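Read off the chains here:
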Amino acid sequence: MGDASEKIREIAKKLLAEQKVDMVIGFRAGTIPMISEPCFAKTAEQADELVMNSFCGVNLANYLPKRKEKIGIVAKGCDSRNIVTHIAENQIKREQLVIIGVPCSGMVDRRKVASQAGFDIASVSEEGDTIKASGPGGQEKSLARAELLQDNCAICVHRNPVIADVLAGEKVPEQAGVDRYPDVRAVEAMGPEERWDYFDKLLEGCIRCYACRNACPLCYCPTCFVDESQPQWVGKSIDKTDTRTFHFLRAYHCAGRCTDCGACERACPMGIKVRQFTKKLEKDCKELYGWEAGMLENVRPPLDTYRPDDPQDFIK
Amino acid sequence: MFKDLLEHMGIEPGRLHFSWISSAESTKFVDVVKKVTESVKALGPAKHFIKKEAEVA
């Protein structure tokens, strides 16, 4: 993935010099290991800081809604699908954007690196399919990149950007024959009580910090239902019922829009597998409407269109 | 999909019902209400999504 960095800088500098964009949204090295941070480059010097590596998991589409400038944006497969969703939902105009597509071979989960290395990580370097982790005491360990991918990246079937004006690398082969929903099926096989307990356990650690919501490119409402106090839709404490309501509704707001970019799960400080909610919706959407979010530019999503043949066996 | 997700989370099938009834369809309304109450009674009192009042010392 590192090879793309040079190319991204080159493209970004050219776009800025020719004044085709006012800024380029990309990544630069973060201040702590294994987190590349979003970067808004407006000058050539800032563009020189841009990088692309295995730790650029943040979904940059999150920074687009309601922007007025002309923007160059670095987009992995999932980012590009969220950009398509933003365009469809009138959050940004296609004409404002120059999309720098990055074919992606999956992002590395920093928690997996830490647990597999067995020591605190002071720095990492990557070479091809190997991630080399170094500890503060000089420990070193080489790990296989494929074993460290974020859960959503391991089952990703759209690694190449679906829209891009320019590509910063060769397209990567898409993963074929991936079973995307073994975990959802496992829950579907449970009885009601067992399911309830499963999600109770899942949400045990939730501290209601809303990091999952903030990281999500789909959550751009000016006032989120959880922040509203008149009326107060949902309690703000870590009461189990309130927590469940929050997660359930947050997920439902993403129905037919979620691209499974994994931003929510990545952002969770408590390591809660919040994708368990959105994945069910994503699976249903595919089965009921044959729909995958963010793939088509000029088609309205199923939940905002009516078709006489919509499935409706739940209505009596 | 809303119902599917609720049931995926552990709300019993048969607790949540949807129906379209016109104001002119009184008999359908009665029918549906009967069926809904029957099916919910069969499930017994709801255990989930119930918030107890905060206990005051």
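Our structure is the block above this text.
Residues numbered from 1 in each chain as written. Chains lettered and ligands numbered in written order. Predicted model: local features only at pLDDT ≥ 70, side-chain atom pairs only at ≥ 80, totals over all residues.

Any details on unusual backbone geometry? Residues and values, ideally.
Residues and elements named next belong to chain A. With an omega of 0 degrees, the peptide bond running from Gln-230 to Pro-231 counts as cis. Along the chain, the position of Pro-231 falls in the loop between helix H8 (211–215) and helix H9 (240–252). Residue Asp-260 is not a glycine yet carries a positive backbone phi of 55 degrees. In this structure, Asp-260 sits in the loop between H9 and helix H10 (263–267). Since 25 C-beta atoms lie within 10 Å of it, Asp-260 is described here as buried. (Helix = DSSP H or I, 4+ residues; strand = E, 2+ residues; numbered from the N terminus. Buried ≥ 20, exposed ≤ 12 C-beta atoms within 10 Å, placed from the backbone.)

Now, about the sheet that holds strand S7 (residues 130–134) of chain A: what can you tell me, with residues and values included?
Residue and element names in this part refer to chain A. Taken in spatial order, the 3 strands of this open sheet run S6-S7-S8, and their pairing is antiparallel. Only two strands of the sheet have a single partner each, and these edge strands are strand S6 (123–127) and strand S8 (140–144). Pairwise comparison of adjacent strand axes, ignoring direction, gives a mean angle of 25 degrees for this sheet. Pairing of S6 with S7, which is carried by 5 bridges, proceeds in the antiparallel orientation. Within the sheet, the bridge partner assigned to Ser-123 lies in S7 and is Ser-134. On the sheet, helix H4 (residues 110–117) packs against S6, S7 and S8 and is oriented at approximately 125 degrees with respect to S8. (Pairing = 2+ DSSP bridges. Axes fitted to C-alpha atoms, helices over the stretch in contact; angles between N-to-C directions. Contact = placed C-beta atoms within 7 Å.)

How would you sum up the interface of chain B and chain A? Please name residues and give values.
In this assembly, 19 residues from chain B lie in contact with 19 residues from chain A. Per-element accounting of the side of chain B that touches chain A gives the leading share, 6 residues, to helix H1 (residues 2–9) of chain B. For the side of chain B that touches chain A, a count of residues per class yields 10 nonpolar, 5 polar and 4 charged. (Nonpolar A, V, L, I, M, F, W, Y, C, P; charged D, E, K, R; others polar.)

Could you give an account of the environment of A:Arg111, naming the residues involved and the relevant values?
Residues and elements named next belong to chain A. Topologically, Arg-111 is positioned in helix H4. Looking at Arg-111, the number of C-beta atoms within 10 Å reads 13, which means it is partly exposed. Sequence separation of Arg-111 and Glu-49 is 62 residues, and the distance between their C-alpha atoms is 25 Å.

Tell me about the nonpolar core, and please be specific about residues and values.
Residue and element names in this part refer to chain A. Counting residues in each nonpolar core, the largest one holds 69 residues, and the members touching the most others are Ile-8, Ala-12, Val-24, Ile-73, Val-74 and Ile-100. For this core, the element with the most residues is helix H1 (residues 3–17), which contributes 6 residues. Contact partners of Val-24, with chain neighbours within four places excluded, come to Ala-12, Leu-15, Leu-16, Ala-41, Ala-47 and Gly-72. (Core = buried A, V, L, I, M, F, W, Y, C linked by C-beta atoms within 7 Å.)

Any details on the pairing of S7(A)? Residues and values, ideally.
Residues and elements named next belong to chain A. Taking every second residue as pointing to the same face, the buried face of S7 carries Ile-131 and Ala-133, while none of Thr-130, Lys-132 and Ser-134 on the other face is buried. Counting the residues in the hairpin turn of S6 and S7 gives 2 residues, including Gly-128, whose phi is positive at 55 degrees. Two strands pair when backbone bridges link them, and S7 and S8 are joined in this way by 5 bridges, in the antiparallel orientation. Within S8, the position partnered with Ile-131 by the bridge is Leu-143. Where S7 folds back onto S8 in an antiparallel hairpin, the turn is made up of 5 residues, including Gly-138, whose phi is positive at roughly 85 degrees.

Before we move on, could you go through the packing of H9(A) against H1(B) and cite the residues and values that matter?
Interaxial distance between H9(A) and H1(B) falls to 11 Å at its minimum, and their mutual angle equals 145 degrees. By crossing handedness, the relation of H9(A) to H1(B) is classed as right-handed. Residue-level contacts link A:Phe248, A:Ala251 and A:Tyr252 of H9(A) to B:Phe2, B:Leu5 and B:Met9 of H1(B). (Left-handed = near helix turned anticlockwise from the far one by under 90°.)

Lay out the packing of H9(A) against helix H11 (residues 275–289) of chain A in plain terms, naming residues and giving numbers.
Residues and elements named next belong to chain A. Their axes nearest at 9 Å, the elements H9 and H11 cross at an angle of 35 degrees. In the packing of H9 onto H11, the handedness of the crossing is right-handed. Between H9 and H11, the contacting residues are His-247, Phe-248 and Ala-251 on the first element and Phe-277, Thr-278 and Leu-281 on the second. Counted by class, the contact of H9 with H11 contains 4 nonpolar, 2 polar and no charged residues.

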